[in-house]
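# Structural overview for review
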Amino acid sequence: MSVDPDEELVRRVGAGEPAAVRALVARKLPRILSLAVRMLGDAAEAEDVAQETFVRIWRHASKWRRGNARFDTWIHRVTLNLCYDRLRRRRGWVTAEMPDIVDPAPLPDSHPGEEAHRVERALQAIAPRQREAIILVYYQEMSNIEAAATLEISVDALESLLSRGRRALQTMLARDGGHD
Amino acid sequence: MTEDIEGGPAMDARRFAALAQAYGGDLRRWPEAEREAATAFASGEAGQAMARHTGTLDALLDSYRVQPPSKALHSSILRAADRHLVHRRRQRFWWLGLGLAGIGLAGAVAGLALVSIVTPEAGSDHYVLDANATAFGDAGPDAENGEESL
């Protein structure tokens with residue numbers, strides 16, 4: 001089992017060291033926030049999720065022991081679960097029953113410099129499990145093994161989610177903006 | 001069209017395309033075990049064409065950047081952490097107090113038990129309370145017989 005780069009810091013946080021708390025926030029907040037923003041497509045909700053994630057970190061840091069997962073994998077799982085809670089409340093959907101593409105309608109017309117918004121809207125329109133896979137591998141820069149562990153699936157299943165997700169994005173963005 | 005890498009897995013066009021479709025054109029995101037073979041394959045014409053194909057979506061995905069955390073959010077999280085630390089310290093003191101009280105109570109119970117064990121039973125009191133006994137000994141009819149037999 002490889003060394004967890006966060007283990008020592010988490011131990012110090014668990015011991016109540018204020019400097020370690022500050023270091024952990026500086027190290028993890030950008031990752032947690034960007035994950036939540038891309039999952040939810042809403043900056044304010046993402047900030048709430050980031051705060052809730054840290055409350056759970058403070059609560060569990062003193063008891064946290066590395067099992068099979070690294071600390072970073074664990075906080076990604078916590079953040080994703082909190083995002084799912086909000087998505088369920090917002091839309092009332094059940095993950096397992098989601099179709100590959102949620103919204104087949106073309107994306108709104110784009111203007112120059114609005115590519116990021118188009119991608120954001122396209123990401124929100126694909127199935128959440130595909131969105132998760134793409135965000136973890138592409139934006140969170142997790143290895144395939146870490147991403148599969150976070151999603152609690154096999155690497156083959158991760159690759160399938162990634163492929164279907166990218167195909168769905170490609171179709172949507174091409175139809176919308178004439179790419180590819 | 002297979003690239004054999006010494007000690008690593010072979011890479012063919014089909015596998016390369018599948019990986020490119022899943023992970024995009026940047027080989028740094030590809031599975032570590034297949035990266036070396038993929039790098040070799042990517043230098044060929046077929047590999048370059050596939051990489052170009054996935055590059056369009058990669059560029060679009062790259063354009064979606066997220067704002068860094070605000071100072072307000074950062075401070076709010078740190079304040080919550082402070083509150084949690086203070087609460088935990090209080091809880092620790094509370095448990096410590098409870099523990100000490102428990103130890104004190106256990107000591108008192110143990111002391112009481114010890115006193116009741118160590119204190120001798122008042123056997124002679126039973127004798128004194130006997131209706132036939134006097135200050136000079138047992139004055140009962142049996143006692144008399146006993147003295148005669150001496």
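Sequence order as written defines the numbering, with residues in each chain counted from 1. Chains and ligands are labelled by the order in which they are written, letters from A for the one and numbers from 1 for the other. Restriction of local features to residues with pLDDT of at least 70 applies here, the model being predicted, together with a cutoff of 80 or more for giving and counting side-chain atom pairs; totals for whole chains, interfaces and linings are based on all residues.

### Here's the deal with the overall build of chain B
Only DSSP runs of H or I reaching four residues or more are called helices, and only runs of E reaching two or more are called strands; each is numbered from the N terminus. When helices and strands are tallied, chain B shows 6 helices and 4 strands. When the helices and strands of chain B are listed from N to C terminus, the series reads β-β-α-α-α-α-α-β-β-α. The exposure scheme places C-beta atoms from the backbone and then counts, for each residue, the other C-beta atoms within 10 Å of its own, assigning buried at 20 or more, exposed at 12 or fewer, and partly exposed in between. Looking at chain B residue by residue over its 150 residues, the buried ones come to 17%. Excluding contacts between residues fewer than 6 apart, the proportion of contacts in chain B whose partners are at least 24 apart in sequence is 54%. Distance between backbone-placed C-beta atoms decides contact: two residues are in contact if it is within 7 Å.

### Looking at the interface of chain B and chain A
On the side of chain A, 33 residues touch chain B, which itself brings 27 residues to the contact. For the side of chain B that touches chain A, the secondary structure elements donating two or more residues are α1 (13-23), α3 (45-63) and α4 (71-118) of chain B. Looking at side-chain class alone, the side of chain B that touches chain A contains 16 nonpolar, 7 polar and 4 charged residues. Charged residues are taken to be Asp, Glu, Lys and Arg, nonpolar residues to be Ala, Val, Leu, Ile, Met, Phe, Trp, Tyr, Cys and Pro, and polar residues to be all remaining types, Gly included.

### A word on the environment of L87 of chain A
Residue and element names in this part refer to chain A. Among the secondary structure elements, L87 is positioned in helix α4 (residues 71-91). Residue classification places L87 among the partly exposed residues on the basis of 19 C-beta atoms within 10 Å. Separated by 41 residues in sequence, L87 and A46 place their C-alpha atoms 11 Å apart.

### Observations regarding the nonpolar core
Soluble globular proteins tend to pack their nonpolar side chains together in the buried interior. Nonpolar core, as used here: buried Ala, Val, Leu, Ile, Met, Phe, Trp, Tyr and Cys residues forming one set through C-beta atoms within 7 Å. Ranked by internal contacts, the top residues of the largest apolar core, which has 67 residues, are A36, A50, A133, V137, A147 and L162 of chain A together with A38 of chain B. If one sorts the elements of this core by residue count, helix α2 (residues 18-40) of chain A sits on top with 11 residues. Ignoring any residue separated from it by four or fewer positions in sequence, one finds A50 of chain A in contact with L29, I32, L33 and A36 of chain A together with L73 of chain B.

### Looking at unusual backbone geometry
Notably, E141 of chain A is not glycine yet its phi reads approximately 55 degrees, a positive angle. With phi around 55 degrees, E152 of chain A is a residue other than glycine that occupies positive phi space.

### Quick look at the confidence of the model for chain B
Residues and elements named next belong to chain B. For chain B, the mean per-residue pLDDT works out to 79, and 73% of the residues sit at or above 70. Taken element by element, the predicted model of chain B shows its lowest mean pLDDT in strand β1 (residues 2-3) (46) and its highest in α1 (94). When the criterion is pLDDT under 50, residues 1-7 qualifies, and its contacts beyond four places in sequence or with other chains add up to 15 contacts. The ipTM, which scores confidence in the relative placement of chains, is 0.81 for this predicted complex, and the corresponding pTM is 0.73. pLDDT expresses, on a scale from 0 to 100, how confident the predictor is about each individual residue.

### Quick word on the environment of S62 of chain A
Residue and element names in this part refer to chain A. Summarising the element assignment, S62 is placed in the loop between α3 (43-61) and α4. Of the residues examined, S62 has 13 C-beta atoms within 10 Å and is grouped as partly exposed. Sequence spacing of S62 and A116 is 54 residues, and the spatial spacing of their C-alpha atoms is 40 Å.

### Quick notes on the domain arrangement of chain A
Residues and elements named next belong to chain A. Taken domain by domain, chain A comprises domain 1 (1-94) and domain 2 (103-180). Contact with domain 1, which involves 12 residues of that partner, is made by 13 residues of domain 2. Every element with two or more residues in the side of domain 1 that touches domain 2 is listed here: α2 and α4. Taken together, the residues of the side of domain 1 that touches domain 2 break down into 5 nonpolar, 4 polar and 3 charged. Those domain boundaries reflect an automatic or database domain assignment.

### Some thoughts on α3 of chain B
Residue and element names in this part refer to chain B. Over its 19 residues, α3 extends 27 Å from the first C-alpha to the last, a length consistent with the 27 Å expected when each residue adds 1.5 Å. Residue G55 marks the point of greatest curvature in α3, where the axis turns by about 35 degrees. Residues of α3 that are buried: G47, M50, T54, L57, L60 and L61. Given the number of residues in a helix, its expected span is that number minus one, multiplied by 1.5 Å. Take the seven residues that end at a residue and the seven that start at it, fit an axis to each, and the angle between those axes is the bend at that residue.

### A word on the packing of helix α1 (residues 7-14) of chain A against α2 of chain A
The description of two packed helices rests on the angle between their axes and on the distance between the axes. Residues and elements named next belong to chain A. Only the stretch in contact is used when a helix axis is fitted, and all axes are lines through C-alpha atoms; the angle between N-to-C directions ranges over 0 to 180 degrees. The interhelical angle for the contact between α1 and α2, taken along N-to-C directions, is 130 degrees, at an axis separation of 8 Å. When the axis of α1 is compared with that of α2, the two are oblique. In the crossing of α1 with α2, the sense of the turn from one axis to the other is left-handed. Here L9, R12 and V13 of α1 lie close against α2, whose contacting residues are A20, V21, A23 and L24. Looking at side-chain class alone, the contact of α1 with α2 contains 6 nonpolar, no polar and 1 charged residues. Note on terminology: angles under 35 degrees are roughly parallel, angles over 145 are roughly antiparallel, angles of 65 to 115 are roughly perpendicular, and the others are oblique. Working rule for handedness: look at the near helix, and if it is turned counterclockwise from the far one by less than a right angle, call the crossing left-handed; if clockwise, right-handed.

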